[in-house]
Amino acid sequence: MVMKRNAMRKNLRQSIRNSFGRYIALMMIIGLGASLFIGLLITRQDMVVTGQRFMDDRNMFDLRMISNYGWSEKYVEKFAKLPGVTDAEGIVYLDMIARTETMSDDSVFRLYSMPEKLNLVSLRSGRMPQTPQECVVEGFFTDDSILGKKLTISSLNEKDSLEALRSQTFTIVGRIASPLYLDMNRGTTAVGSGSLEMYFYLPSEAFDVDYYTEINLTLEENYDIYSDAYHTYLEDSLDALEPDAEKLSQQRFQDIKEEAEEEYEEGYQEYLDGVQEYEDGKAEAEQELADAYQDLKDGEQELEDNRIKLLKAQNQIEDGKQQIEAGFVQLENKEKECLTNLEAVRSQLATAQAGVASFEANDIQGKYDAAVAAIDSAANAVAEAKQNYADAEANNASAEDLASLAGAIQAAEGAHAAIVSATGQVMDLYGQYQEAVGGVAYLQGLEATLLDGLDQIYGTRASLEATYEELTDAEAKLWISWAEWGEGRDEIAEGWIDYEEAKVEVAEELAEAEAELKDAEEELREAREDIDGMDKPDLIMLSRTSNVGYNNLDSSSNIVAGVARVLPVFFLLVASLVCITTMTRMIDEER
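Read on for a plain summary of the structure. Quantities reported herein were computed from a predicted structural model and do not represent experimental measurements. Each chain has its residues counted from 1, running along the sequence as written. In keeping with the model being predicted, local features are shown solely for residues with a pLDDT of at least 70 and side-chain atom pairs are shown and tallied solely at 80 or more, while totals for entire chains, interfaces and linings include all residues. Processing note: side-chain calculations cover all non-hydrogen atoms of the structure and skip hydrogens and water entirely.

With that settled, the discussion passes to the overall build of the chain. Note on conventions: DSSP H or I runs of at least 4 residues are helices, E runs of at least 2 residues are strands, and numbering of each starts at the N terminus. Counting secondary structure elements, the chain contains 9 helices and 11 strands. When burial is assessed residue by residue, the chain has 34% of its 591 residues classed as buried. For this analysis, residues touch if any pair of their heavy atoms sits within 4.5 Å. For the chain, the share of sequence-separated contacts (at least 6 apart) that also reach a separation of at least 24 residues comes to 84%. Under the scheme applied here, a residue whose accessible area is under 20% of the maximum for its type counts as buried, over 50% as exposed, and between as partly exposed, the area being computed with a 1.4 Å probe on protein chains only.

Below is the structure:
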């Protein structure tokens, strides 16, 4: 028995040595199959553990609270205080048509506000935004070449969406990963093509809104993801929070409605103020137009009055200048006449003075004085003779004496007559001399008169020249006044143009104001209808199981687990078939 057993072992060792390669191959096939089975068996667990570690590190939400009226910060605080809630954070997101510099066509992107507590992003490259004009992009569909490029928001987006952003251009500074997107699916949207291409995160300051799109919550208890206990916990938490959430949703609705009512009342008051302002402005504008019209009319009348005054002054100046010019002509004629007369007088005066000089050269005055003296002496002798005769006759002189005295009288008278006769030529010449002296005096007086006349002419001319210069200065000033009058006329013309433009402008502004008031009235009516027709709040409460990436990770890991259950069976069957075939060949060879 022992010998048989030893022989069998010996044969077995010999068989192994002879077919060592086959045995090694069989062992490797068996080991490979076992390794594949073990690897597939633990793959799902590794996937789940890795996913949970990432979700926990990024503090992924457990529950989402969505209201059709959005949320404010105070409701984030209220949700955070609800039983079973660890933390709460509001976020804003917008689906926008945009493109990056690396793209040739527009696409639809989802823009999130940067979280601070929940659903934290993980930086893969670059840096986080530091200004409201910077952003980060998901890193799965991009590489580092996108860093530094611009994200440009399209003008094709709705006005409300565009106004919700403070800027329309953002610089991409980093690439990130988000726990909200655990697979390649980016979800759907009602914007553009209906499919989201990528997601971006922007600083909260980049959004110009006063509400949160949704509030994310984390719960107190920690469970393994995808476990029945965790999903049951989520459902129970939703049921437990639903009454409070509905209450908060209703409060949010009341807040929105009250705010809408306040805005409506403010808008209505602004509308009434606008109507009053319109009426006041209309009255003021019409009064200003009326005042401007009257000012222009008064200006035209003043312009016409000034024109008449200027024409009158111009006529007066022209008449004055004509009179002065006529005076110049008259003075020139008088001057010529006076000079002619002066020349004639001076010629006569020279002749008269020459005659006087001739008489004086002949000592006519001495001769005259001597003749007068001789005549006076002879006359005295006659008077004396007669006096002697009278005295003698009074003294009863004798006839002889009286006769002698009478003879003396005759002799004296004869002598007197002889002297008078002898001096007659001298007396005639002296008369001519006196006439010549009188003529010189007359001509000298006439000369002085003519010279005075010339002085008067020259004085009058100087006066006329001064007056003419004054008229010339007045005429220059008049032309300045005419220029000012022309400027005034142009100003009046421009004033009428401005007036007509103002009328048109006022009419347009009033029409615009009326249109704005009608628009405001229509907006108030629509606002009133919107307020009265406000729907009840629609609260949507979702758990983490609503996240597509979360569910796809579970589905993917389950698929791997299914493969782990099926594929090893086929592999073992193949391995068994190979082993049986190999062993059969070995047995046949030993035979």
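Bringing the pairing of strand 3 (residues 93-100) into the picture now. Summarising burial for strand 3: 7 of the 8 residues are buried, a large majority. Strand pairing is assigned whenever DSSP detects at least two bridges linking the two strands. Here strand 3 runs beside strand 4 (residues 107-113); their pairing, made up of 6 bridges, is antiparallel. The partner of L94 across the bridge, within strand 4, is L111. Pairing of strand 3 with strand 7 (residues 150-153), which is carried by 3 bridges, proceeds in the antiparallel orientation. Across the sheet, R99 pairs through a bridge with T152, a residue of strand 7.

Attention shifts here to the packing of aromatic side chains. What counts as a ring pair is set by centres within 6.5 Å for rings of Phe, Tyr and Trp (its six-membered ring), and what kind of pair is set by the plane angle: stacked under 30 degrees, edge-to-face over 60, tilted for all other angles. Applying the stated criterion to the full structure yields 19 aromatic pairs. Where W71 meets Y75, the ring centres are 5.9 Å apart and the plane angle is 55°; that geometry is what we call tilted. Judged by its relative accessible area of 0%, W71 is buried. A centroid spacing of 6.0 Å and a plane angle of 90° characterise the contact between Y199 and Y201, whose relative ring orientation is edge-to-face. One exposure class covers both Y199 and Y201, and it is buried. Counting every residue linked through ring pairs, the aromatic cluster contains Y93, Y112, Y181, Y199 and Y201.

Let us now look at helix 5 (residues 228-361). Here the expected span of a helix is defined as 1.5 Å times the quantity of residues minus one. Between its first and last C-alpha, helix 5 extends only 175 Å over 134 residues, short of the 200 Å set by a 1.5 Å rise per residue. The term bend refers to the angle at a residue between two fitted axes, each drawn through seven residues, those ending there and those starting there. Largest kink in helix 5: about 45°, centred on E242, with the proline P243 one to four residues after it. Count one or two residues on from helix 5 and you reach D363, which has phi positive near 50°.

With that settled, the discussion passes to the pattern of salt bridges. By salt bridge we mean one thing: a side-chain nitrogen of Lys or Arg within 4 Å of a carboxyl oxygen of Asp or Glu. Here the structure, examined in full by the defined rule, presents 21 salt bridges. Salt-bridge contacts for E475 lead to K321; the nearest nitrogen and oxygen are separated by 2.9 Å. Remark: K321 occurs in helix 5 and E475 occurs in helix 8 (residues 424-532); sequence separation between them is 154 residues. In this structure, D532 engages R528 in a salt bridge whose closest nitrogen and oxygen atoms are separated by 3.0 Å. You can see D532 and its partner R528 sitting in helix 8, 4 residues apart, about one turn around the helix.

The interhelical angle for the contact between helix 6 (residues 364-394) and helix 8, taken along N-to-C directions, is 135°, at an axis separation of 9 Å. Here helix 6 is positioned oblique relative to helix 8, judged by the angle of their axes. As helix 6 runs across helix 8, the sense of the crossing is left-handed. Mapping the contact onto sequence places I364, Q365, K367, Y368, A371, V372 and I375 in helix 6 and V426, M427, L429, Y430, Y433 and Q434 in helix 8. All amino acids are sorted into three groups, where Ala, Val, Leu, Ile, Met, Phe, Trp, Tyr, Cys and Pro are nonpolar, Asp, Glu, Lys and Arg are charged, and the leftover types, Gly among them, are polar. Classifying every residue of the contact of helix 6 with helix 8 by side-chain character gives 10 nonpolar, 2 polar and 1 charged. Inter-axis angles, ranging from 0 to 180 degrees, are taken between N-to-C directions of lines fitted to C-alpha atoms, where helices are fitted over the stretch in contact. Each angle gets one of four labels, with under 35 degrees taken as roughly parallel, over 145 as roughly antiparallel, 65 to 115 as roughly perpendicular, and the rest as oblique. Left-handed is the label given to a crossing in which the near helix is rotated counterclockwise from the far helix by less than a right angle, and right-handed is the label when the rotation is clockwise.

So, on to the sheet that holds strand 2 (residues 85-91). Ordered by their spatial adjacency, 4 strands build an open sheet running 2-10-1-11, and the pairing between neighbours is antiparallel. Only two strands of the sheet have a single partner each, and these edge strands are strand 2 and strand 11 (539-543). Taken over all neighbouring pairs, the strand axes of this sheet differ in orientation by 20° on average, direction set aside. Summarising the sheet, strand 1 (residues 63-71) and strand 11 pair through 5 bridges and their orientation is antiparallel. The residue of strand 11 that forms the bridge with S67 is L539. With respect to the sheet, helix 3 (residues 73-80) is in contact with strand 1, strand 2 and strand 10 (212-219), its orientation differing from that of strand 2 by roughly 160°. Helix-sheet contacts for helix 5 involve strand 1, strand 2, strand 10 and strand 11, and the interaxial angle to strand 1 is about 15°.

A word on a nonpolar patch on the surface. Residues F140, F141 and M184 make up a contiguous nonpolar surface patch of about 330 Å² in total accessible area. Here F140 lies in the loop between strand 6 (134-138) and strand 7. The patch calculation keeps residues exceeding 30% relative accessible area without a salt bridge and links them within 9 Å when they carry like charges or within 5 Å when they are nonpolar (Val, Leu, Ile, Met, Phe, Trp, Tyr). Only the protein chains shown count as cover for residues, with accessible areas throughout obtained via the Shrake-Rupley method and a probe of 1.4 Å.

All right, on to the nonpolar core then. Side chains that are nonpolar tend, in soluble globular proteins, to be buried together. Ranked by internal contacts, the top residues of the largest apolar core, which has 42 residues, are M65, F79, Y201, I215 and L217. In terms of residues, this core owes the most to one element, helix 5, which gives 7 residues. M65 has contacts with W71, F79, E214, I215, L217, L241, A245, I540 and M541, leaving out every residue within four places of it along the chain. Nonpolar cores were defined as sets of buried Ala, Val, Leu, Ile, Met, Phe, Trp, Tyr and Cys residues, with membership established by side-chain atoms within 4.5 Å. Grouped together as the second largest cluster of nonpolar side chains are 41 residues, C338, L471, L478 and L510 included.

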